[in-house]
Protein chains: 2
Amino acid sequence: MKMYNFNSGPAILPAEVLQQAAEAVIDFNHIGLSILEIGHRTEWFVNVLEEARSLVKELMQLDDSYEVLYLQGGATQQFMQVPMNLLDEKATAAYCDNGIWGAKAIKEAKLFGNVHIACSSKDREHTYIPRELSVPQDSAYLHYTTNNTVEGTQWNFIPEANVPLVADMSSDIFSREMPFSKYSLIYAGAQKNAGAAGATIVVVKKDILGKVSRAIPSILNYSNHIEAKSLMNTPSVFAVYVSLLTLRWIKKEGGLPEMERRAQERADLFYDTLDSLDAFMGKVDKRDRSLMNATFTTQNPEHEKLFLDICKNNGMVGVKGYRTVGGLRVSMYNSLPLSSVQVLCDLMKDFNEKHG
Amino acid sequence: MKMYNFNSGPAILPAEVLQQAAEAVIDFNHIGLSILEIGHRTEWFVNVLEEARSLVKELMQLDDSYEVLYLQGGATQQFMQVPMNLLDEKATAAYCDNGIWGAKAIKEAKLFGNVHIACSSKDREHTYIPRELSVPQDSAYLHYTTNNTVEGTQWNFIPEANVPLVADMSSDIFSREMPFSKYSLIYAGAQKNAGAAGATIVVVKKDILGKVSRAIPSILNYSNHIEAKSLMNTPSVFAVYVSLLTLRWIKKEGGLPEMERRAQERADLFYDTLDSLDAFMGKVDKRDRSLMNATFTTQNPEHEKLFLDICKNNGMVGVKGYRTVGGLRVSMYNSLPLSSVQVLCDLMKDFNEKHG
């Protein structure tokens, strides 16, 4: 059965990336060794790492005031690593409270300094992106999550603040053009649009570092990783390689402008279908809908399980909402073909005719 | 050209593990999806993780007072995570200072509490394992590195101490039988005998936790990972799977007794050859020689490069010593065939005849 992968992450990857990754597990670049059994300080792997770091910069059009790191631990580790490196004990950082992941970041930041909530969408269960922000002028930084994977909202504008911007871009990195040079720090788990689980991309503007007074453990100090060119210790070698293959694919297909065009095309098809059917309804404000993760429900709550069964029987995975939130969700990352969305929309139309 | 992999880590893996891993990158268990694009909370991956955690326990013959975690960040992250979880600010931990990695662990521990050096082999460049230890009775724990990858020494006895034992077993885990239940905490990067880079195994006896007063960031708190059954956030999915495949292979081949027999056989062949040749000499005390990493030099320092070239021309990788130490080193992990050691020994004998 053909599978349609709407997983929220780890998520769909381009077929050619999977093919190349599988080949490298057997024989990397025809050297007679697997990518899994070569030293991380060999020229072989250093070339992989350097090309990946440089492609991140190129796709984001960043200059040499930025460094790109491949770390481990996922965005969850960044929730604590960011304030540990940037927020002094008596200083304040501003955080946007717009979803489950942002809330986790806020919780960790409070261990290191003061947190000011710049905006919150809690009053309506995070179904929208607030337009009004309050950011104290002495904030060490403003942190926000560009795309809320669980709730299905996405910032389609850059928050105004005269303080350094820090963003968790885990679920929409490399999916659209953005003025990345407006940010002082960007982080993302790779397992959505940037590769496979196990690699975490951190893009940091060097001038934001070295300003806190606490002693930072070596492995958690961004400056150490910069100095070591992201080879302070053994990195997640295979995950970095899959990220490189994914970045090469993005570039070859046309870069971020093309990724954005495809994302818009998929989202238009899906949301137009959704809005045209009585049997379903979206969960968030239309103007804040995510191009990556669409959350919705069946009009009749009892129909939800029925629709999920139909999806499953048609080879669709990942249509279920986040475990603590419920409802329905489809994730439409860079490598999801428009045709997969079309098949889903046809199923929805069919469902609407029978149960609408 | 046939390759002979003496890498120190990431290191050689069994050919069948590589084959199974490559197949899973294309199609995991015939489900029509890659291991790289399935959710980490699906039954598919949860089964992988649970089997791997349970195999670690089985191979180590540990009971349910222990928990096995698959974390990220390598042993280097454990250098700080261990004291953060186990060492209160005013308390003392005892550390053995027997090599580069142990020294790094000591450096990080000092950020969290007092460090007492239980023994040191610094006086002779870490070429031996001390027999005398001083361990304060109120130490929170005694930490040591069971095998010194860089220096080529290995503890072939368990240090006596009436305090909890903590061990970095990165380079000899699963290579020999040990009374693992004597330890309160064991950690190891997977990229030598336990899989590929990107996964870190932590085995923890639960009664050692919850005793420090500091606030521990969520992702660094072992208790949180235990509660979440090692699924607190997205793990390094593929690296965990490769670890599972490697553990299955170890079990199938005869478990730790058989791994130890093979290690001894390889080491005997290598060291007997080494000792019989004038052109080479070992670097460490004979009784403390590592079965995993053999360090040696050429009698004539000018011959080192020549021998390295010969190795390279014969398809051998990983024969060079650690970058900051120099000399020669061959790593002989679980899946290195005895025949590879034989080929190396033949080259050494040949070299001895020409240059001895």
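Being a predicted model, the structure only gives us computed values, none of them experimental. (Residues numbered from 1 in each chain as written. Chains lettered and ligands numbered in written order. Predicted model: local features only at pLDDT ≥ 70, side-chain atom pairs only at ≥ 80, totals over all residues. Heavy atoms only, no water.)

Quick look at the nonpolar core
Generally speaking, a soluble globular protein has its nonpolar side chains buried in company with each other.
Here is step 1: Counting 137 residues, the largest nonpolar core has Phe174(A) and Phe174(B) as its most contacted members.
Here is step 2: Look past the residues within four positions of Phe174(B) in its chain and what remains in contact with it is Val56(B), Leu59(B), Met60(B), Asn193(B), Ala194(B), Ile201(B), Leu247(B), Ile250(B), Leu256(B), Met259(B) and Asn334(B). (Core = buried A, V, L, I, M, F, W, Y, C linked by side-chain atoms within 4.5 Å. Buried < 20%, exposed > 50% of the residue type's maximum accessible area, 1.4 Å probe, protein only. Contact = heavy atoms within 4.5 Å.)

Things to note about the interface of chain A and chain B
Here is step 1: Each partner contributes to the interface: chain A provides 55 residues, whereas chain B provides 55 residues.
Here is step 2: Summing the contributions of chain A and of chain B, the shared interface buries around 4,200 Å²; its carbon and sulfur component is 63%.
Here is step 3: Scanning the region where chain A abuts chain B turns up zero salt bridges.
Here is step 4: Scanning the region where chain A abuts chain B turns up 17 residue pairs in polar contact (both at pLDDT 80 or more).
Here is step 5: When residues of the side of chain A that touches chain B are traced back to their parent elements, those giving at least two are helix H1 (15–26), helix H3 (74–86), helix H4 (100–109) and helix H6 (237–253) of chain A. (Buried area = accessible area lost by both parts, 1.4 Å probe. Salt bridge = Lys/Arg side-chain N within 4 Å of Asp/Glu carboxyl O. Polar contact = N/O pair within 3.5 Å; in protein donor to acceptor, adjacent residues only side chain to side chain. Helix = DSSP H or I, 4+ residues; strand = E, 2+ residues; numbered from the N terminus.)

Quick look at the UniProt feature "binding site: L-glutamate" (unreviewed entry) in chain A
Residues and elements named next belong to chain A.
Here is step 1: Within the UniProt annotation, "binding site: L-glutamate" (unreviewed entry) is assigned to Ser8 and Arg41. A stretch of 34 residues holds the annotated residues, and the largest C-alpha distance among them is 33.2 Å, long enough that they do not meet in one place.
Here is step 2: Mapping serine 8 onto the fold places it in the loop between strand E1 (4–5) and H1.
Here is step 3: Not counting the four nearest positions on each side in its chain, serine 8 is found in contact with Thr149, Lys192, Arg329, Ser331 and Tyr333.
Here is step 4: Within the structure, the side chain of serine 8 is placed 3.1 Å from the side chain of arginine 329, a separation counted as a polar contact.
Here is step 5: Of note, arginine 41 is situated in the loop between H1 and helix H2 (43–60).
Here is step 6: Arginine 41 sits in the partly exposed class, given a relative accessible area of 33%. (UniProt positions renumbered as here; feature names shortened; annotations may be inferred.)

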